[in-house]
Amino acid sequence: MPGQDTLMKVLTRSLSGGALDVLGVHGVELAEPFATELPANTLRMDRVWRMANRDLFHLEFQTKRESTLHRFLEYDARLANEHRVRIRTVVLYHASVTSAPDELDIGTALYRVENVFLSQLDGDQALNEVERHLRAGQWEPSDRIRLGLALNMRLESQEKTFERVRELIPQVPDETERDLVVSAILVLGDQGLTEEQRVQLRKELRKVSKLAEELYEEGRHEGLQEGIMKGRIEIAKNMLRKGVAIEDIADTTGLSKQEIEDLMRKQSH
């Protein structure tokens, strides 16, 4: 995702201060985003933070039912082994999901996650609460989540709710709070939208949030960099087919030997 580092830093504040209480997830005070790539590990979970108590908070958003927790267990076990920390994993499920496993018994250990089913929350009621607080000047941290995730909750009409969300975002009086709402929408809240709605919403966000505009510019730059990297990879693949030595490919493309060896393994499969 474009501007991942920027988004994660802002989202740290967006999800703190009791913001997640509205989802039944209490006691979360995030301190900083946590690096989530592990050595020799192809898995990557982008939403991990170190909490104020030094434990790690792992947040997943799923639009489909997770039938088994093995994937999350594998990642959390590697993370715990690497950093020797306790991990709290919360899985947010889009309103289309009503049930999912929260335990995995592997005999030698029992792994647990906290499931939050947005199908149990009324998105229209959540926006009513946001409107009431805006009128009364009583904006609270949970309103970020109500507004940011309303489109993923249970709804009477997604189209009408979509329009309400678009109308309410500019009404958030504080510029910083608007950015915090925007971060929640961009990372979590647009998961259940159509591509047309997603594009439309992001255009609207750019009009009311400096964060959204900054991310748009970052995205343009990263898109250019991504294109350059794809070109290097294609050149490396061609050179591998011709039997060119890995060292020579590295000198030509600027890719690391490890990256080239990974490409070679994929081509051999």
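For every chain, the first residue of the written sequence is number 1, and numbering continues from 1 onward in sequence order. In keeping with the predicted nature of the model, local features appear solely for residues at pLDDT of at least 70, side-chain atom pairs appear and are counted solely at 80 or more, and the whole-chain, interface and lining totals rest on all residues. Just so you know, side-chain values use all the structure's heavy atoms and leave hydrogens and water out.

By the naming in an unreviewed UniProt entry, the chain goes by Putative transposase/invertase (TIGR01784 family) and is assigned to Alicyclobacillus sacchari.

S.K.: Just to check I follow, could you spell out helix α7 (residues 195-208) for this structure?
M.R.: What sets the pattern is the α-helix's 3.6 residues per turn: residues three or four places apart point alike. Compared with an ideal rise of 1.5 Å per residue, which puts 14 residues at 20 Å, α7 spans 21 Å between its outermost C-alpha atoms and is within 8% of the ideal. Regarding α7, the residues found buried are Q197, R198, L201 and L205. Burial along α7 is one-sided: seen end-on, the buried residues are contained in an arc of 95°. The exposed residues of α7 that point more than 90 degrees off its buried face are E195, E196, K203 and K207. For the purposes of this entry, the term helix denotes a DSSP run of H or I that reaches at least four residues, the term strand denotes a run of E that reaches at least two, and both are numbered from the N terminus. Under the convention used throughout, the expected extent of a helix is 1.5 Å for every residue step, that is, one less than its residue count. Classification of residues uses two cut-offs on accessible area relative to the type maximum, computed with a 1.4 Å probe and protein chains only: under 20% is buried, over 50% is exposed, and between them is partly exposed. This arc corresponds to the set of directions leading from the helix axis out to the C-beta atoms.

S.K.: Help me understand the pattern of salt bridges in this model?
M.R.: Here the idea is simple: oppositely charged side chains can pair when their charged atoms come close. The rule for a salt bridge is simple: a side-chain nitrogen of Lys or Arg has to be within 4 Å of a carboxyl oxygen of Asp or Glu. In this structure the tally under the stated criterion is 18 salt bridges. A salt bridge links E114 to R88, with the nearest nitrogen and oxygen atoms 2.6 Å apart. Within this pair, whereas E114 is found in strand β7 (residues 114-117), its partner R88 is found in strand β4 (residues 87-93), the two being separated by 26 residues in sequence. Using a relative accessible area of 21% as the deciding quantity, one classes R88 as partly exposed.

S.K.: It is not clear to me how the sheet that holds strand β2 (residues 48-51) should be interpreted in this structure. Could you clarify?
M.R.: Two pairing modes exist for strands in a sheet, parallel and antiparallel, and in both the strands are linked by backbone hydrogen bonds. Pairing between strands is defined by DSSP: at least two bridges between them are needed. Spatially, β1-β2-β3-β4-β7 is the arrangement adopted by the 5 strands of the open sheet, whose pairing is mixed. Of all strands in the sheet, those bounded by a partner on one side alone are β1 (30-33) and β7. The mean angle between the axes of side-by-side strands here comes to 30°, regardless of whether they run parallel or antiparallel. Summarising the sheet, strand β3 (residues 56-62) and β4 pair through 7 bridges and their orientation is parallel. Inter-axis angles, ranging from 0 to 180 degrees, are taken between N-to-C directions of lines fitted to C-alpha atoms, where helices are fitted over the stretch in contact.

S.K.: Could you clarify how one ought to interpret the packing of aromatic side chains in this entry?
M.R.: Two numbers describe a pair of aromatic rings. These are the distance of the centres and the angle of the planes. Centre distance within 6.5 Å is the pairing criterion for rings of Phe, Tyr and Trp, where only the six-membered ring of Trp is used; planes under 30 degrees apart are then read as stacked, over 60 as edge-to-face, and the remainder as tilted. Inspection of the entire model under this criterion finds 2 aromatic pairs. Here the aromatic rings of W49 and F57 are separated by 6.2 Å at their centres, their planes lie at 40°, and the arrangement is tilted. There is no split in this pair, since W49 and F57 are both buried. Consider the rings of Y93 and F117, whose centres lie 5.4 Å apart with planes at 15°: the pair is stacked. With a gap of 24 residues between them, Y93 in strand β4 and F117 in strand β7 connect regions that are remote in the sequence.

S.K.: Help me understand the packing of helix α4 (residues 141-149) against helix α6 (residues 175-189), please; the structure alone is not making it clear to me.
M.R.: Geometry of a packed helix pair, given as the angle between the helix axes and the separation of the axes. Running from N to C, α4 and α6 cross one another at 45°; their axes reach a closest spacing of 8 Å. Between α4 and α6, the angle is such that the two are oblique. Here α4 runs over α6; the crossing is right-handed. Along the contact surface, α4 presents R144, L147, G148 and L149, while α6 presents E177, L180, V181, A184, I185, L188 and G189. Residues are grouped as follows: Ala, Val, Leu, Ile, Met, Phe, Trp, Tyr, Cys and Pro are nonpolar; Asp, Glu, Lys and Arg are charged; every other residue, Gly included, is polar. Residue classes in the contact of α4 with α6 are distributed as 7 nonpolar, 2 polar and 2 charged. Roughly parallel refers to an angle under 35 degrees, roughly antiparallel to one over 145, roughly perpendicular to one between 65 and 115, and oblique to any angle outside these ranges. By the definition used in this description, the sense in which the near helix is turned from the far one sets the handedness, with an anticlockwise turn below a right angle giving left-handed and a clockwise turn giving right-handed. Any two residues having at least one pair of non-hydrogen atoms within 4.5 Å are treated as being in contact.

S.K.: Is there a simple way to explain the packing of helix α3 (residues 123-136) against helix α5 (residues 158-168) in this structure?
M.R.: As a packed pair, α3 and α5 sit with axes 11 Å apart at the nearest point and diverge in direction by 20°. One finds that α3 runs roughly parallel with respect to α5. α3 and α5 meet at a crossing whose hand is left-handed. Counting all contacts with α3, which are made through D124, L127, N128, V130, E131 and L134, the residues of α5 involved are T161, R164, V165 and L168. When grouped by side-chain class, the residues that make up the contact of α3 with α5 number 5 nonpolar, 2 polar and 3 charged.

S.K.: I would appreciate a short explanation of the nonpolar core in the present structure.
M.R.: Across soluble globular proteins, nonpolar side chains show a tendency to be buried alongside one another. Ranked by size, the top nonpolar core spans 50 residues in total, and within it L23, F57 and L147 carry the most contacts. When residues of this core are assigned to domains, at least three map to each of domain 1 (25-120) and domain 2 (123-208). In this structure F57 touches L20, V25, V28, L30, R47, V48, W49, M51, R88 and V90, once residues within four positions along its chain are discounted. By size, the runner-up hydrophobic cluster in this structure holds 11 residues, among which are L69, V91, L104 and F117. Each nonpolar core is a collection of buried residues, namely Ala, Val, Leu, Ile, Met, Phe, Trp, Tyr and Cys, held together in the definition by side-chain atoms within 4.5 Å. These domain boundaries are the output of an automatic or database domain assignment.

S.K.: I'm lost on the environment of G231 in this one. Help?
M.R.: Checked against the element boundaries, G231 lands in helix α8 (residues 210-241). Classification of G231 by relative accessible area gives partly exposed; the value is 30%.

S.K.: For this particular structure, what's the right way to read the side chain of N152?
M.R.: If you trace the backbone, N152 turns up in the loop between α4 and α5. Look at N152 and you get buried, because its relative accessible area is 0%. Setting aside residues up to four positions removed in sequence, N152 forms contacts with F61, H94, A95, L118, L188, G189, D190, Q191 and G192.

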